[in-house]
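Residue-level structure breakdown
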Amino acid sequence: MITLSKLRILVAAAAASLAAFGALAQTDAQYTQYWHAPAYYNPSAIGLTDFIHITAGSRMQWVGVDHAPVSFLGMADMPFKLLGKRWGTGVVVQQESMGLYSSLNAGAQIAFKKQKLLGGTLSVGVQVGMLNETFKGSKVVIPEGDDAHNSNDDAIPTTDVTGTAFDVSAGIHYTHKWFWLGISATHLTQPSVTLKADGTDDKQYEFNAGRTYYLMAGSNIPIKNTLFELQPSFLVKTDTRFFQGEVTARVRYNKFLSGGVAYRYGDAVSAMVGVELKNFFVGYSYDYPISKMSVGTTGSHEVMVSYNVKLDLSEKNKNKHKSIRIM
């Protein structure tokens, strides 16, 4: 049971988290297994191998906290050839709900690849799509006699409002036999979403999605004379006002089992496991909060599943590096 004092701490911690990472939390979802879904953050990280790569994921944030964020992710990408050059194409759909808010981000991706560049492949990609924001104003409840809120405040929607805006992301990605590196920016146009009730021109509300920058990198390090590989990686994101970073250390055995730990600065420590079987991958991660959120939650759970379908590009695959997403 959460006492009143604990509840106040929990609400304050949640408010601080959302204030500090407002743009990040409401537009780009947090995924501990970012290394398995780099194309979500960087549209150039597609078509990396000769497979149709399909990924689905789900994350339950802060289990035990009512109306905490819940995210769903679906992606697919594949390589293709045009005018003798290698390209990648993909689609991504991500939905997140948090309290009375919900966000849907969908886009189409394309990337051009320059092979045999310093022993690796350089990709330059772009994503175009839409950002939809919804607020369920019909479920807003303002207690009677609450001096802190005015039920007639025009800033509080009393009906369900929704809006959509055009969205663009871009990035570059370099893959080598031993490492990978990506730099990207989401919501480049900083879309402004006008929310209003369907079929009316009454009260309108505005949601601004801030531009967010990402830096990701990782490596495959075989341990000599063993079936083990070390796979360290990191992710840094910022909207130029606030930043968040995390580091991950994973071990892979015989291209079958993997496991590791991670640390997200000021937020959580994580443990993860993964299983590969033929063209399937299933990964699970658990985050334990190290912030004041630990007062009211048992942690966060995340699952990633992917499947590969082999493509025939009519020539031997020149990209012999390991897939950074099938680890």
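As the structure is a computational prediction, the values presented were derived from the model and not from experiment. (Residues numbered from 1 in each chain as written. Predicted model: local features only at pLDDT ≥ 70, side-chain atom pairs only at ≥ 80, totals over all residues. Heavy atoms only, no water.)

**Some words on the overall build of the protein chain**
Each helix and strand counted, the protein chain has three helices and 17 strands in total. When each of the 327 residues of the protein chain is scored for burial, the buried share is 45%. (Helix = DSSP H or I, 4+ residues; strand = E, 2+ residues; numbered from the N terminus. Buried < 20%, exposed > 50% of the residue type's maximum accessible area, 1.4 Å probe, protein only.)

**Some thoughts on the nonpolar core**
In this structure, Y31, Y40, Y41, L73 and M75 are the most contacted members of the largest nonpolar core, which totals 21 residues. Residue assignment for this core shows that the elements contributing at least two residues are α3 (38–41), β2 (70–82) and β10 (212–219). For this core, the element with the highest residue contribution is α3, accounting for three residues. Residues in contact with Y40, not counting those within four places in the same chain, are T27, D28, A29, Y31, L73, M75, V92 and Q94. (Core = buried A, V, L, I, M, F, W, Y, C linked by side-chain atoms within 4.5 Å. Contact = heavy atoms within 4.5 Å.)

**What to know about the environment of G88**
If you trace the backbone, G88 turns up in strand β3 (residues 85–98). Counting along the chain gives 24 residues from G88 to F112, while the straight-line C-alpha distance between them is 6.6 Å. Setting aside residues up to four positions removed in sequence, G88 forms contacts with I46, G47, M78, P79, F80, Q109, I110, A111 and K113.

**Observations concerning unusual backbone geometry**
At W62, a position not held by glycine, the phi torsion is positive, near 55 degrees. Considering the arrangement of structural elements, one finds W62 in strand β1 (residues 51–63). Of note, T240 is a non-glycine position whose phi angle comes to about 80 degrees, a positive value. The residue T240 is located in the loop between β12 (228–238) and β13 (243–253) in this model. The exposure class assigned to T240 is exposed, which follows from its relative accessible area of 63%.

**Observations regarding empty space enclosed by the protein**
Throughout the structure, instances matching the rule amount to six cavities of 30 Å³ or more. If you add up the space inside the largest cavity, you get close to 80 Å³. Residue lining of the largest cavity: D28, Y40, V92, Q94, N105, Q127, D167, S169, T186 and H187, and that is the complete set. Counting only elements with at least two residues in the lining of the largest cavity, the list comes to β3 and β6 (160–175). (1 Å grid on protein atoms, 1.4 Å probe; cavity = no way out; pocket = protein on both sides within 12 Å on 5 of 7 lines; lining within 4 Å. Points joined across faces, edges and corners; volume = space filled by probe spheres on them.)

**Looking at the pattern of salt bridges**
Across all of its chains, the model carries nine salt bridges by this definition. For R86, the salt bridge is made with D50, and the minimal N-O distance between the two is 2.8 Å. With R86 in strand β3 and D50 in the loop between α3 and β1, this residue pair connects regions lying 36 residues apart in the sequence. Of the two residues, R86 and D50, neither departs from the other in class, the shared state being buried. Of the charged contacts in the structure, one is a salt bridge between D267 and R264, with a shortest N-O distance of 3.1 Å. (Salt bridge = Lys/Arg side-chain N within 4 Å of Asp/Glu carboxyl O.)

**What about the side chain of N220?**
One can find N220 in the loop between β10 and β11 (221–222). Looking at N220, the relative accessible area reads 3%, which means it is buried. There is a polar contact of 3.1 Å between the side chain of N220 and the side chain of Q231. (Polar contact = N/O pair within 3.5 Å; in protein donor to acceptor, adjacent residues only side chain to side chain.)

**Brief notes about the pairing of strand β14 (residues 257–264)**
The two faces of the sheet receive side chains in turn, since in a regular strand these alternate between them. In β14, alternate side chains face the same way, and those of S258, G260, A262 and R264 are buried while those of L257, G259, V261 and Y263 on the opposite face are not. Here β13 runs beside β14; their pairing, made up of eight bridges, is antiparallel. By the bridge assignment for β14, R252 is matched with S258. The antiparallel hairpin formed by β13 and β14 contains three residues in its connecting segment, where N254 sits at a positive phi of about 55 degrees. (Pairing = 2+ DSSP bridges.)

**Observations regarding the confidence of the model for the protein chain**
Residue-level pLDDT values for the protein chain average 85, and 83% of them are 70 or greater. Ranking the elements of the protein chain by mean pLDDT puts helix α1 (residues 4–20) last, at 38, and β14 first, at 97. The low-confidence segment residues 1–26 (pLDDT under 50) makes 31 contacts with residues lying over four places distant or belonging to another chain. Note on residues 317–327: pLDDT under 50 across the span, and 45 contacts to partners over four residues away in sequence or across chains. (pLDDT = per-residue confidence, 0-100.)

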